[in-house]
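Observations on the model geometry
For reference, the chains in residue letters:
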Amino acid sequence: MRGLDWLSEHGVIDMLVMVHRKVNPLERLFGISYTKKLSHHIEIPLLVLPEGLPPLHF
């Protein structure tokens, strides 16, 4: 997480994109999503895509 924190603060980026993966019930019970943690304290826009989307081609 420290690497993405550093990148969001010091990198020259306009948006951060992450994939939100499905978690098992045990992970859900004992932990918080890394994506949720990051979303609460970064200053740049965050786009979260669900796991399993077909590839995007630009």
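These numbers were taken from a predicted model, which means no experiment stands behind them. (Residues numbered from 1 in each chain as written. Predicted model: local features only at pLDDT ≥ 70, side-chain atom pairs only at ≥ 80, totals over all residues. Heavy atoms only, no water.)

Helix and strand content of the protein: three helices and two strands. Against the globule reference of 10 Å for 58 residues, the protein gives a C-alpha radius of gyration of 13 Å, more extended than a compact globule. Reported as C-alpha extents along the three principal axes, the dimensions of the protein are approximately 35 × 30 × 15 Å. The burial tally for the protein puts 14% of its 58 residues in the buried class. (Helix = DSSP H or I, 4+ residues; strand = E, 2+ residues; numbered from the N terminus. Rg over C-alpha atoms; globule rule 2.2 N^0.38 Å. Buried < 20%, exposed > 50% of the residue type's maximum accessible area, 1.4 Å probe, protein only.)

The predicted model of the protein averages 78 in pLDDT, with 97% of residues at 70 or higher. Taken element by element, the protein is modelled with least confidence in helix α2 (residues 25–30), mean pLDDT 73, and with most confidence in strand β2 (residues 46–50), mean pLDDT 88. (pLDDT = per-residue confidence, 0-100.)

The space that makes up the largest pocket amounts to roughly 330 Å³. Along the walls of the largest pocket sit 14 residues, with H20, V23, I32, S33 and Y34 positioned nearest its centre. Of all the elements in the fold, those that place two or more residues in the lining of the largest pocket are β1 (16–20), α2 and α3 (34–39). The class makeup of the residues in the lining of the largest pocket is five nonpolar, four polar and five charged. (1 Å grid on protein atoms, 1.4 Å probe; cavity = no way out; pocket = protein on both sides within 12 Å on 5 of 7 lines; lining within 4 Å. Points joined across faces, edges and corners; volume = space filled by probe spheres on them. Nonpolar A, V, L, I, M, F, W, Y, C, P; charged D, E, K, R; others polar.)

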